[in-house]
Amino acid sequence: MLKTIIFDIDGVITDLSFFHFLAWKSVLSFYNVNLQKEEWANYNGRQRLTILKMILKNHNITFDEKTLTKISNQKNDLFVHLIKHNLTPKNIINGVRQLIDDAITRGLKLVAVSSSANAVLEMKCLGLFDKFTYVSDYQSKRLSSLSQTEKKVVSPLLFSLKTLGIESSECIGLEDHVDGVLEYKSAGIFSVAIANYQEDIKKEADFWAELPEQIVLEEIIFSYYKRDTQYD
């Protein structure tokens, strides 16, 4: 039985790409790295240190681990400043608020999942925090206390479901990256892709639409139950 709708934050609920780009570009300029907007699409959506290493490799620059950590922290500090002062409910992607309200009307739990340490802040800035049953938060003591090895096994997604006592088969998950869809599928979660004209994600998802505003909650719920009957 369906109990929960899971939303990826960045790319489904809101688009934080430009804030990330501005923060990286500003910080890296102090290290003589001129990050261009044209190359940003190659990095967006990845972990912070992974992005930094990819950028530096592309610019043929190397730093020691201490400097990498320093740059990464500076970027996050600036990113937090930017979203605190600029991220508002106006930044909610078209169609998402309707999905959220429809899910609440049906009595479904809402979970926001992100690998970001800023997830709670982002949802509060968007005015959505109180609408959600749970927002994954890498700053929480329980999650941050996990070792790096444990974090590779216990993702924010699985950690959220375990915390709430929800089975993956009781969930529908919305994602805009193929890696996220694959994570849903490996966990046994019915996956709904926001394709944004990406062909690879359409092949993997259980259901897809190009944009959030094209998704009707009743349609994905119908597809969710239809899939279950196919496996009976």
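Here we summarise the structure given alongside this text. (Residues numbered from 1 in each chain as written. Predicted model: local features only at pLDDT ≥ 70, side-chain atom pairs only at ≥ 80, totals over all residues. Heavy atoms only, no water.)

Here's the deal with the overall build of the chain
Helices and strands together make up the secondary structure of the chain, namely twelve helices and six strands. Overall size of the chain, expressed as C-alpha extent along the three principal axes, is 60 × 35 × 35 Å. Counting all 232 residues of the chain, 48% fall into the buried class. Contacts in the chain between residues at least 24 apart in sequence constitute 58% of all its contacts with a sequence separation of at least 6. Taken as a whole, the chain presents about 12,400 Å² of accessible surface, with 50% of it coming from carbon and sulfur. Computed over 27 positive and 30 negative side-chain charges, the inter-centroid distance for the chain is 7 Å. (Helix = DSSP H or I, 4+ residues; strand = E, 2+ residues; numbered from the N terminus. Buried < 20%, exposed > 50% of the residue type's maximum accessible area, 1.4 Å probe, protein only. Contact = heavy atoms within 4.5 Å. Areas by Shrake-Rupley, 256 points an atom, 1.4 Å probe, with all protein chains shown as cover. Lys, Arg positive; Asp, Glu negative; His and termini not counted. Charge placed at Lys NZ, Arg CZ, Asp CG, Glu CD.)

Considering the nonpolar core
If you look at the biggest cluster of nonpolar residues, it comprises 41 residues, and the most contacted ones within it are Ile 5, Phe 7, Ile 13, Phe 132, Ile 172 and Leu 174. For Ile 172, the residues in contact, after removing those within four places along its chain, are Leu 2, Thr 4, Ile 5, Ile 6, Ile 189, Phe 190, Val 192, Ile 220, Ile 221 and Tyr 224. Within the second largest apolar cluster, 15 residues are counted, among which are Leu 35, Trp 40, Tyr 43 and Leu 68. (Core = buried A, V, L, I, M, F, W, Y, C linked by side-chain atoms within 4.5 Å.)

Here's the deal with the packing of aromatic side chains
If you walk through the whole model with that rule in mind, you get seven aromatic pairs. Ring centres of Tyr 224 and Tyr 225 lie 4.8 Å apart, and the angle between their planes is 80°; this geometry places the pair in the edge-to-face category. Given the relative accessible area of 0%, Tyr 224 is considered buried. The ring of Phe 79 is capped by Lys 75, whose NZ or CZ atom sits 4.6 Å from the centre of that ring. The cationic tip of Lys 202 hangs over the ring face of Trp 208; the distance from NZ or CZ to the ring centre is 4.4 Å. (Phe/Tyr/Trp six-rings, centres within 6.5 Å; stacked < 30°, edge-to-face > 60°. Lys NZ or Arg CZ within 6 Å of the ring centre and 35° of its normal.)

Description of unusual backbone geometry
The general pattern is negative phi for most residues beyond glycine and trans for most peptide bonds. The residue Asn 32 is not glycine, and still its phi comes out positive at about 60°. Along the chain, the position of Asn 32 falls in the loop between helix H1 (17-29) and helix H2 (37-40). Note on Asn 32: relative accessible area 72%, which makes it exposed. A positive phi angle is found at Asn 196, which is not glycine, with a value near 50°. Tracing the backbone shows Asn 196 in the loop between strand S5 (190-194) and helix H11 (199-204). Overall, Asn 196 belongs to the partly exposed group, its relative accessible area being 34%.

Remarks on the sheet that holds strand S3 (residues 134-135)
Spatially, the six strands line up as an open sheet ordered S3-S2-S1-S4-S5-S6, and their pairing is parallel. The sheet is open, and its two edges are formed by S3 and strand S6 (207-209), each paired on a single side. Pairing geometry for strand S4 (residues 171-175) and S5, over four bridges, is parallel. Bridge assignment links Leu 174 to a residue of S5, and that residue is Val 192. Strands in contact with helix H5 (residues 96-105) are strand S1 (4-8), strand S2 (109-113) and S4; relative to S1, the strand with the most contacts, it is inclined by about 160°. Those strands touched by helix H10 (residues 178-187) are S1, S4 and S5, and its axis lies near 165° from that of S4. (Pairing = 2+ DSSP bridges. Axes fitted to C-alpha atoms, helices over the stretch in contact; angles between N-to-C directions.)

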